[in-house]
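Each chain, letter by letter, is given below.
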Amino acid sequence: MSNITNEGLVLAFSALGAGIAMIAGLGPGIGQGRAAAAGAEAVGRNPGARGDITATMLLGQAVAETTGLYSLVIALILIFANPLVGKL
Amino acid sequence: MGGVLGIVAAKDPDFMIKSLLKLNVLGQEVYLTTTHVSLLIICTFLIVFAVIVRSKLKDTDGKPGALQNVAELIVEMLDGMVSSSMGKKGNPYRNYMGTLFIFLLISNLSGLLGLRPPTADYGVTLGLGLITFFIVQTNNIRYNKLGAFTDLFKPLPFLFPINFIGEIATPISLSLRLFGNVLAGTVIMALIYGLLSSIAFLWPGVLHVYFDIFSGAIQAYVFCMLTMVFVGNKIPDKE
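Notes on the structure follow. (Residues numbered from 1 in each chain as written. Chains lettered and ligands numbered in written order. Predicted model: local features only at pLDDT ≥ 70, side-chain atom pairs only at ≥ 80, totals over all residues. Heavy atoms only, no water.)

Quick look at the overall build of chain A now. When helices and strands are counted, chain A shows 4 helices and 0 strands. When its helices and strands are written in sequence order, chain A yields α-α-α-α. Radius of gyration (C-alpha) of chain A: 20 Å, far over the 12 Å computed for a compact globule of 88 residues. Per-residue burial for chain A yields a buried fraction of 24% across its 88 residues. Contacts in chain A between residues at least 24 apart in sequence constitute 75% of all its contacts with a sequence separation of at least 6. Of the roughly 5600 Å² of accessible surface on chain A, 68% is carried by carbon and sulfur atoms. Seen as two clouds, the 4 positive and the 4 negative side-chain charges of chain A have centres 7 Å apart. (Helix = DSSP H or I, 4+ residues; strand = E, 2+ residues; numbered from the N terminus. Rg over C-alpha atoms; globule rule 2.2 N^0.38 Å. Buried < 20%, exposed > 50% of the residue type's maximum accessible area, 1.4 Å probe, protein only. Contact = heavy atoms within 4.5 Å. Areas by Shrake-Rupley, 256 points an atom, 1.4 Å probe, with all protein chains shown as cover. Lys, Arg positive; Asp, Glu negative; His and termini not counted. Charge placed at Lys NZ, Arg CZ, Asp CG, Glu CD.)

Take a look at the structure:
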């Protein structure tokens with residue numbers, strides 16, 4: 001166990017952190033699913049307004065996706081542009 | 001990079017911005033990167049297209065050609081997009097929104113042609129987000145006068161920090177949304193071509209359809225739509 005370098009430790013935990021950060025993908029998944037369900041329901045109720053409903057649904061889904069993308073950016077920073085290694 | 005990922009790859013996944021030329025401007029190191037090259041190619045393409053369409057529009061021999069019809073269709077579609085979300089008050093913003101949408105669409109689709117999409121560089125999307133921010137705040141001050149500042153203290157004075165952060169977060173969330181989506185597509189495609197290069201034959205085309213065409217078009221639309229909503233919120237309805 002003594003041959004673990006400081007840098008190796010930081011990189012290992014950064015990789016773990018990147019994986020844990022992506023758990024945030026759960027939230028947007030549920031949110032987008034709910035939006036799609038509501039959209040399908042709305043189209044079923046009023047098939048004439050299909051275009052408007054689809055546009056509104058996609059807009060809402062794209063906004064809901066933002067939190068997931070924040071976690072993606074954090075994960076990418078941890079893997080490819082790690083700020084912690086420089087602090088050793 | 002491959003060492004950090006710890007994966008034995010046939011070819012290192014490659015999606016970083018590369019510097020092509022290092023310049024020294026006023027004691028500051030400035031890099032010319034692949035983003036600049038992609039931007040130049042896209043801008044040249046759009047300008048050439050515009051010049052050709054303009055010359056077609058000018059020679060009026062009675063009947064419109066195919067190119068003129070396509071150009072009129074595009075312009076009508078973009079104008080319809082603006083007026084459907086902003087109404088009459090959106091008329092001054094038709095030019096900017098149309099330009100923004102076409103630019104973002106071509107930028108996001110440029111990944112298909114082997115370019116690195118310029119929107120996968122945070123510098124580009126933050127710039128676009130800041131333009132939106134300045135349009136929003138200019139309209140806020142122009143129409144609401146002093147109300148632009150007193151609105152920050154509504155409904156309760158101690159909510160000022162939250163309202164202030166809400167205003168500041170607009171360009172950041174706008175730009176990060178576009179950047180994250182396009183970068184995610186670029187990274188996934190680079191990983192597939194880098195790590196699975198021995199079996200990456202034909203089937204990545206399906207992923208290109210989703211990550212480049214579908215996601216790119218949706219994000220261009222969403223960016224323009226949110227810009228229009230933010231700007232429209234600050235302009236009061238007349239009559």
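All right, on to the pattern of salt bridges then. Residue and element names in this part refer to chain B. As enumerated under the stated definition, the model contains 4 salt bridges over all chains in all. For the salt bridge of Asp 79 with Arg 94, the shortest nitrogen-to-oxygen distance reads 3.5 Å. In this pair, Asp 79 sits in helix H3 (residues 66-86) while Arg 94 sits in helix H4 (residues 94-109), placing the two residues 15 residues apart along the sequence. For Arg 94, a relative accessible area of 30% gives the class partly exposed. (Salt bridge = Lys/Arg side-chain N within 4 Å of Asp/Glu carboxyl O.)

Further remarks concern the interface of chain A and chain B. Often, the extent of an interface is quoted as the loss of accessible area upon association of its parts. Taken together, the contact between chain A and chain B spans 14 residues of the former and 20 residues of the latter. The junction of chain A with chain B conceals about 1500 Å² of combined surface from both sides, 82% of it contributed by carbon and sulfur atoms. Where chain A meets chain B, there are 0 salt bridges. Linking chain A with chain B are 1 residue pair in polar contact (both at pLDDT 80 or more), by the criterion used here. Elements represented by at least two residues in the side of chain A that touches chain B include exactly helix H3 (50-64) and helix H4 (66-80) of chain A. (Buried area = accessible area lost by both parts, 1.4 Å probe. Polar contact = N/O pair within 3.5 Å; in protein donor to acceptor, adjacent residues only side chain to side chain.)

With that settled, consider the environment of Thr 5 of chain A. Residue and element names in this part refer to chain A. Tracing the sequence through the fold places Thr 5 in the segment before helix H1 (6-21). As for Thr 5 and Pro 28, which are separated by 23 residues in sequence, their C-alpha atoms are 37 Å apart. Within polar-contact distance, the side chain of Thr 5 engages the backbone nitrogen of Gly 8 at 3.0 Å.

We now examine the packing of helix H2 (residues 34-58) of chain B against H4 of chain B. Relative placement of two packed helices is described by the angle separating their axes and the distance separating the axes. Residues and elements named next belong to chain B. Packing of H2 against H4 leaves a shortest axis separation of 10 Å and a crossing angle of 125°. Overall, the two elements H2 and H4 adopt an arrangement that is oblique. Seen along the crossing, H2 lies across H4 with a hand that is right-handed. Contacts between H2 and H4 involve Leu 39, Ile 42, Phe 45 and Leu 46 on the former and, on the latter, Ile 102, Phe 103, Ile 106 and Ser 107. Taken together, the residues that form the contact of H2 with H4 break down as 7 nonpolar, 1 polar and no charged. (Axes fitted to C-alpha atoms, helices over the stretch in contact; angles between N-to-C directions. Parallel < 35°, antiparallel > 145°, perpendicular 65-115°, else oblique. Left-handed = near helix turned anticlockwise from the far one by under 90°. Nonpolar A, V, L, I, M, F, W, Y, C, P; charged D, E, K, R; others polar.)

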